[in-house]
There are 2 protein chains.
Amino acid sequence: MAQQEAQNGRPESASAAVSFSALKPQLFVEAPKANDAVLFYKAAFGAEEVSRSLNPKRKAEHELPLILSAELKIAGSTVIVADVTDDPASPVKTGGNGVVLCLETSDVEGAIAKAVNAGAVAEGEVVEGEGACCGGRVGKVKDPYGFVWLICALGNKCGADVEA
Amino acid sequence: MAQQEAQNGRPESASAAVSFSALKPQLFVEAPKANDAVLFYKAAFGAEEVSRSLNPKRKAEHELPLILSAELKIAGSTVIVADVTDDPASPVKTGGNGVVLCLETSDVEGAIAKAVNAGAVAEGEVVEGEGACCGGRVGKVKDPYGFVWLICALGNKCGADVEA
């Protein structure tokens, strides 16, 4: 998957050969309802839970941990469900309209540069995005039509914390 | 793909065996900017246009027809881009937050009934949804977490009007 990058050796655009390995719609649910949402998608659409990453921080010991990302398979496609937290550093905080599109790539900076070159606006810095997409580094762009795209490093934590 | 339906012969839930063949995020763009959006997604994310359905109705002869649905491939996934029109009968009019998730199935009514049974709210009737997803019959449900899902008949017009 990650071996398509090096085909374009021409220097006119350093990011021309950026490639993406996956696109995953990510649904942000008002915390702490993401777990209920996962149950709903299983019942309503036959979703299968592939993996789940939990937020290790709890406000109180008795509270259930929030879901950073639950990866579901629906009709062969991957959908991510996440609790929206009030952590100002979280890339999932300002998910725009509740649905963002997560693109995985091995070249986060190159992909963001290419999107910005095409007319998107980068929002914030590339951060270590625990829970965003697959837990790796993540940046965010808003396209000229108002849609938010998360540009994520290839999922180095995918499936690490399965609690299906 | 469509042969998974008949496994559950138990009568307790007539729709228990509903299956889905595809999930496609659908992005609704303020008309007439969908064509620009397609060009942007090609430049920014390497999208490939698979097919395009145009609205045969124009307000004026000199205007370009609006895009009912342009099917793009990004990172192996399908994304639909559509102009939002002011046709009150159009299922794409009230797309909620601009991104809806389109699920294809051979049993539109069964799928809607199952989702409603799980807690979703059906919105409107099942209609002949020109352009919605793939041009076939389409219904709409809003899930308990605010997300809108289009439940579409298997795409009988997919790829019919390629103008890439």
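Keep in mind that what you see is a predicted model, and the values were worked out from it rather than measured.

J.: What exactly am I supposed to notice about the relation of the copies chain B and chain A here?
T.: Least-squares fitting of chain B to chain A yields an RMSD of 0.0 Å, with the transformation described by 0.0 Å of translation along the axis and a rotation of 180°. Interpreted geometrically, this transformation is the action of a two-fold axis. Here 100% of the contact residues of chain B are again contact residues in chain A; the copies associate through an equivalent surface.

J.: Explain the sheet that holds strand S1 (residues 20-30) of chain B here, please?
T.: Strand pairing in a sheet takes place through backbone hydrogen bonds and is either antiparallel or parallel in direction. Strands sit in the order S2-S3-S4-S1-S5-S8-S7-S6 (chain B) across an open sheet of eight strands; the sheet is mixed. Of all the strands in the sheet, the pair left with one neighbour each is strand S2 (48-54) and strand S6 (121-128) of chain B. Each strand axis lies, on average, 25° off the axis of its neighbour in the sheet, ignoring direction. Note: S6 of chain B against strand S7 (residues 137-142) of chain B, five bridges, orientation antiparallel. Residue Ala122 of chain B lies in a different strand from S7 of chain B, and its bridge partner there is Val141 of chain B. Relative to strand S8 (residues 148-153) of chain B, helix H1 (residues 34-45) of chain A is tilted by about 15°, and along the sheet it contacts S1, strand S5 (99-105), S7 and S8 of chain B.

J.: Teacher, can you tell me more about helix H2 (residues 108-118) of chain B here?
T.: Side chains of residues three or four places apart in an α-helix project in the same direction, reflecting 3.6 residues per turn. For H2 of chain B, the complete set of buried residues consists of Val108, Gly110, Ala111, Ile112, Lys114 and Ala115 of chain B. Elements in contact with the buried residues of H2 of chain B: H1 of chain A together with S1, S5, S6, S7 and S8 of chain B. Positive backbone phi, at 125°, marks Gly119 of chain B, one or two positions downstream of H2 of chain B.

J.: Explain the pairing of S8 of chain B to me, please; I cannot follow it from the model alone.
T.: Regular strands show a simple pattern: their side chains alternate between the two faces of the sheet. All names here are of chain B. Most of S8 is tucked away, with six of its six residues classed as buried. The two faces of S8 match: Val148, Leu150 and Cys152 on one face and Trp149, Ile151 and Ala153 on the other face are all buried. Direction of pairing for S5 relative to S8: parallel, over a ladder of five bridges. Opposite Leu101, over in S8, you have Trp149 as the bridge partner. When S7 meets S8, the two strands line up antiparallel, connected through five bridges. Opposite Val141, over in S8, you have Trp149 as the bridge partner. Between S7 and S8, which pair antiparallel in sequence order, lie five residues; one of them, Gly146, sits at a positive phi of approximately 95°.

J.: Even after reading the chapter, I still don't get the sheet that holds strand S1 (residues 20-30) of chain A, so can you show me in this structure?
T.: Residue and element names in this part refer to chain A. One open sheet accounts for eight strands, arranged S2-S3-S4-S1-S5-S8-S7-S6; its pairing is mixed. The two strands at the open ends of the sheet, each matched to only one other strand, are strand S2 (48-54) and strand S6 (121-128). Each strand axis lies, on average, 25° off the axis of its neighbour in the sheet, ignoring direction. Pairing analysis gives five bridges linking strand S3 (residues 67-74) to strand S4 (residues 77-84), with the strands arranged antiparallel. The partner of Ala70 across the bridge, within S4, is Val81. Its contacts with the sheet place helix H2 (residues 108-118) against S1, strand S5 (99-105), S6, strand S7 (137-142) and strand S8 (148-153), and it is angled at close to 5° to S7.

J.: Whenever I open this one, the packing of H1 of chain A against H2 of chain B confuses me. Can you help?
T.: Helix packing for two helices is described by the angle between their axes and how far apart those axes are. Following both chains from N to C, one finds H1 of chain A and H2 of chain B inclined at 150°, their axes separated by 8 Å at the closest point. Of the possible angle classes, the one that applies to H1 of chain A and H2 of chain B is roughly antiparallel. Here H1 of chain A and H2 of chain B pass one another in a crossing that is right-handed. Contact with H1 of chain A, carried on its side by Phe40, Ala43, Ala44 and Phe45 of chain A, involves Lys114, Ala115 and Ala118 of chain B of H2 of chain B and no other residues of that element. Considered class by class, the residues forming the contact of H1 of chain A with H2 of chain B number six nonpolar, no polar and one charged.

Thresholds, definitions, all that
Residues numbered from 1 in each chain as written. Chains lettered and ligands numbered in written order. Predicted model: local features only at pLDDT ≥ 70, side-chain atom pairs only at ≥ 80, totals over all residues. Heavy atoms only, no water. Least-squares fit on C-alpha atoms with pLDDT ≥ 70 in both. Contact = heavy atoms within 4.5 Å. Pairing = 2+ DSSP bridges. Helix = DSSP H or I, 4+ residues; strand = E, 2+ residues; numbered from the N terminus. Axes fitted to C-alpha atoms, helices over the stretch in contact; angles between N-to-C directions. Buried < 20%, exposed > 50% of the residue type's maximum accessible area, 1.4 Å probe, protein only. Parallel < 35°, antiparallel > 145°, perpendicular 65-115°, else oblique. Left-handed = near helix turned anticlockwise from the far one by under 90°. Nonpolar A, V, L, I, M, F, W, Y, C, P; charged D, E, K, R; others polar.

Any functional reading would require information that these geometric values do not contain.
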